[in-house]
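# A structural walkthrough
The lines below spell out each chain.
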Amino acid sequence: MQKNLSIIGVPMDLGQSRRGVDMGPSAIRYAGVTERLENLMYHITDLGDVPVSRPDSKDHVQEGNLRNLKQVSESNRLLAEMVDEEIRKNRFPLVLGGDHSIAIGTLAGTAKHYENLGVIWYDAHGDLNSGETSPSGNIHGMPLAVSLGIGHEKLTHILDYAPKVNTENIVIIGARSLDPGEKELIKEKGVTVYSMHEVDRIGMSQVMAEAIDYLKKRTDGVHLSLDLDGLDPEEAPGVGTPVMGGLSYRESHLAMEMLSEADLLTSAEFVEVNPILDDQNKTATLTVGLLGSLFGEKLK
């Protein structure tokens, strides 16, 4: 992996309806992410946080069943420009969230540099809703659909191109909560999904081996988008949309270690850490541990 690494925080909580996740980047920094990665001989530049404007009362009106569309789209545009610039400098962008709507900007800034960008979506949810299918209007449930070119133009055409990724280059891992519209889209598009059923049946080692082999054959770069609610809430309590029966800390470490050994990642983001809902910064500390494994930390 590229040894020059740029950390970008996105204190975004407008893609959903529970406050607190905007403090996620600070919590992960406080848990020692920079020191952990510097100990692994990475050259770290922390670019600080992307500005996120707050809506006033009239801005809370939903546009096409999209909550806070104006602010979410603007912050994602700024994020996309920063990610684009760091990749141009031959640096690895590591984005810290913030809610998962920030993946819209990360992928917009990343995908323009690759012919066939692959995406590993490590998440309890598919995030494949649109304004038409979303039960809530929360944009953090839409970023993967947006990146496929499905949704409002203010989101799909950030940096003036769409789609950002192709359906066949996506692998979802850990899914266990999908809305009806998402299930239909997965079936229609043939998205590769390893639900908790597959993880339990064949094991994380086989899931990751298959995902890595699949993406290596068809992509020229791979982005990891890891939502901490992919893990079981017993181990990662500080998330806004917890779903029981999730991935374990040990399984997730193995997944990160296998990705490190495969040496195929070109960008990554870790999202949905909510310190208000956490227990003594447990989820942010866990996040830093996973980042250590992803970037090559070993026991021996």
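Small disclaimer: the values here were computed from a predicted structure and weren't measured.

Basis of the calculations
- Residues numbered from 1 in each chain as written.
- Predicted model: local features only at pLDDT ≥ 70, side-chain atom pairs only at ≥ 80, totals over all residues.
- Heavy atoms only, no water.
- Helix = DSSP H or I, 4+ residues; strand = E, 2+ residues; numbered from the N terminus.
- Buried < 20%, exposed > 50% of the residue type's maximum accessible area, 1.4 Å probe, protein only.
- Expected span 1.5 Å × (residues − 1).
- Contact = heavy atoms within 4.5 Å.
- UniProt positions renumbered as here; feature names shortened; annotations may be inferred.
- Polar contact = N/O pair within 3.5 Å; in protein donor to acceptor, adjacent residues only side chain to side chain.

Bringing unusual backbone geometry into the picture now. The amide bond that connects G97 to the next residue, G98, takes the cis arrangement and shows omega of 20°. Structurally, G98 can be placed in the loop between strand 3 (92-97) and helix 4 (103-111). Each neighbour pair has its own omega, and for A162 with P163 the value is -10°, a cis peptide bond. Position of P163 relative to the elements: it lies in the loop between helix 6 (153-156) and strand 5 (170-175). Residues other than glycine seldom take positive phi values, yet L159 does so here, at roughly 65°. Summarising the element assignment, L159 is placed in the loop between helix 6 and strand 5. L159 gets classed as partly exposed once you look at its relative accessible area, which sits at 24%. Of note, D160 is a non-glycine position whose phi angle comes to about 65°, a positive value. Position of D160 relative to the elements: it lies in the loop between helix 6 and strand 5.

Moving on to helix 10 (residues 249-262). With 14 residues, helix 10 extends 20 Å between its outermost C-alpha atoms, agreeing within 8% with the 20 Å of an ideal straight helix rising 1.5 Å per residue. Within the sequence span of helix 10, burial applies to S252, H253, A255, M256, M258, L259, S260 and A262. As for helix 10, its buried residues are in contact with strand 4 (117-122), helix 9 (204-218), strand 7 (221-227), strand 8 (265-271) and helix 11 (282-294). D263 lies just past helix 10 and shows a positive phi near 55°.

Time to look at the UniProt feature "binding site: Mn(2+)" (unreviewed entry) in the chain. Using the residue numbers shown here, the UniProt feature "binding site: Mn(2+)" (unreviewed entry) corresponds to H100, D123, H125, D127, D227 and D229. Look at the named residues: they lie 130 residues apart in sequence, but the longest C-alpha span between them is just 12.2 Å, so in the fold they bunch up. Under the relative-accessibility criterion, D123 is labelled buried at 0%. Setting aside its immediate chain neighbours within four residues, D123 contacts H100, I173, G174, A175, D227, D229 and G230. There is a polar contact of 3.1 Å between the side chain of D123 and the side chain of H100. Note that D127 resides in the loop between strand 4 and helix 5 (143-147).

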